[in-house]
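Read off the chains here:
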Amino acid sequence: MSPHREPTVVGVQNFNAAEDAAALRAAMKGFGTDEEAIIAILTTRSNAQRQAISQAFTHEYGRDIIEDLKSELGGHFEDVIIALMTPPAEYLCRELHHCMEGMGTDEQVLVEILCTRTKPEIADIVDSYERLYNRPLAEHMCSETSGDFRRLLTLIVTSVRQGARDEEAGVDHARAAEAAQQLYDAGEAKWGTDEEIFNKILAHESFAQLRLIFEAYKELSGRTIEQAIKAEIGGELKDALSAIVECVENAAAWFAQRLRSAMQGAGTEDKTLVRIIASRAEIDLGAIKREYERLYDKTLESDISGETSGDYKRALVALLGPA
């Protein structure tokens, strides 16, 4: 994941939380709701600014802004606005919890959230999860997944405690060559694949270090790590390891593909659409837009506009920023 950030939402200068709180109160008070005002304010403020608005709202009116928004809004539009009002790590925790609750687990959501984040982001999620649900994320996941896929996800969320994949730690070329050799020995060079080695290295190393490892692998084996994973490994584990590899190489392209598949076929996966647009807006949504157009020859805005409508569409398009 390149350190290069390309947000579409950066917050506003001369921010005044009390003024925004008053404008939002006016937009929700009395008869009817001024959705345009809600969109204009909340899609342009940063998450930190929205948290300040939330505090000002409670301070001025003795009310919980999220509860007020929920009672005024509905449908997927409400989902977008509540996503924006929730602190980022807490929002992703709620999405993780939701995908594991009830019948069946949505493994794609686990992959999308856990295989694409840097170590500091994962550490935040792990801390928030335990605070919100009073049980460790690793324990909840273990009860909902199985096999090598479970082992990989568990390594990802537990290795942050051992200071692994620290983006700031710099990279080590000698160690990268060693790791590439281990991957080669565990996969292509032998009969059958040792998934444990793939899991350990891909869950543990920083994205910057993995980039070096993958380059060394290509020099050593003559094919990319992606080709090796697709040839050697199957099922959910393949999807999870591929997501890590693709995010190391080009996270924006990986998210662009995920958005595309959410809008393809019968019906739109609105939860995926909302989650990616809301959670990447302050990180790399600008790059995701560019990759989307490069890959599909259409703008992300035109595809989203074709799949959504009303205030829901207006809110998503506002988060995409200018074309």
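All of the points below concern the structure found in this document. The model shown is predicted, which means the values in this text are computed figures rather than measured ones. (Residues numbered from 1 in each chain as written. Predicted model: local features only at pLDDT ≥ 70, side-chain atom pairs only at ≥ 80, totals over all residues. Heavy atoms only, no water.)

**Quick notes on the packing of aromatic side chains**
One pass over the full model with this rule turns up five aromatic pairs. When the centroid spacing of 5.3 Å and the interplanar angle of 65 degrees are considered together, the rings of F57 and Y61 count as edge-to-face. One end of the pair is F57 and the other is Y61, both in helix α3 (residues 47-61) and four residues apart, which spans about a single turn. Note on Y184 and Y217: the rings are 6.4 Å apart at their centroids and 65 degrees apart in plane angle, and the pair reads as edge-to-face. Taken as a pair, Y184 in helix α11 (residues 173-186) and Y217 in helix α13 (residues 207-221) lie far apart in primary sequence, 33 residues in all. Classification of Y184 as partly exposed rests on a relative accessible area of 25%. What makes Y217 buried here is its relative accessible area of 0%. (Phe/Tyr/Trp six-rings, centres within 6.5 Å; stacked < 30°, edge-to-face > 60°. Helix = DSSP H or I, 4+ residues; strand = E, 2+ residues; numbered from the N terminus. Buried < 20%, exposed > 50% of the residue type's maximum accessible area, 1.4 Å probe, protein only.)

**Considering unusual backbone geometry**
Even without being glycine, N14 reaches a positive phi, approximately 50 degrees. You will see that D297, though not glycine, has its phi angle at about 60 degrees, which is positive. The residue D297 is located in the loop between α17 (285-296) and α18 (300-307) in this model.

**Structural notes on helix α5 (residues 75-85)**
Buried residues dominate α5, accounting for eight of its eleven residues. Buried within α5 are the following residues: F77, E78, V80, I81, I82, A83, L84 and M85. Residues of α5 that are buried make contact with α2 (35-42), α3, α4 (65-72), α6 (88-100), α16 (270-280) and α19 (310-320). (Contact = heavy atoms within 4.5 Å.)

**Considerations on helix α1 (residues 17-28)**
An ideal rise of 1.5 Å per residue puts 16 Å on twelve residues; α1 measures up with 17 Å between its terminal C-alpha atoms. Residues of α1 that are buried include every one of A17, D20, A21, L24, R25, A27 and M28, and no others. Projected down its long axis, α1 shows its buried positions confined to an angular sector of 160 degrees, all on one face. Away from the buried face of α1 by more than 90 degrees, exposed residues E19 and A26 are located. Each element contacted by the buried residues of α1 is listed here: α2, α3 and α4. Structurally, the start of α1 carries an N-cap: the backbone nitrogen of A18 is 3.1 Å from a side-chain oxygen of N16. G30 lies just past α1 and shows a positive phi near 75 degrees. (Expected span 1.5 Å × (residues − 1). Arc of directions from axis to C-beta. Polar contact = N/O pair within 3.5 Å; in protein donor to acceptor, adjacent residues only side chain to side chain.)

**Regarding the nonpolar core**
The nonpolar side chains of soluble globular proteins are, as a tendency, buried together. Ranked by internal contacts, the top residues of the largest apolar core, which has 102 residues, are L69, L202 and L300. With 15 residues, the single largest contributor to this core is helix α15 (residues 235-263). (Core = buried A, V, L, I, M, F, W, Y, C linked by side-chain atoms within 4.5 Å.)

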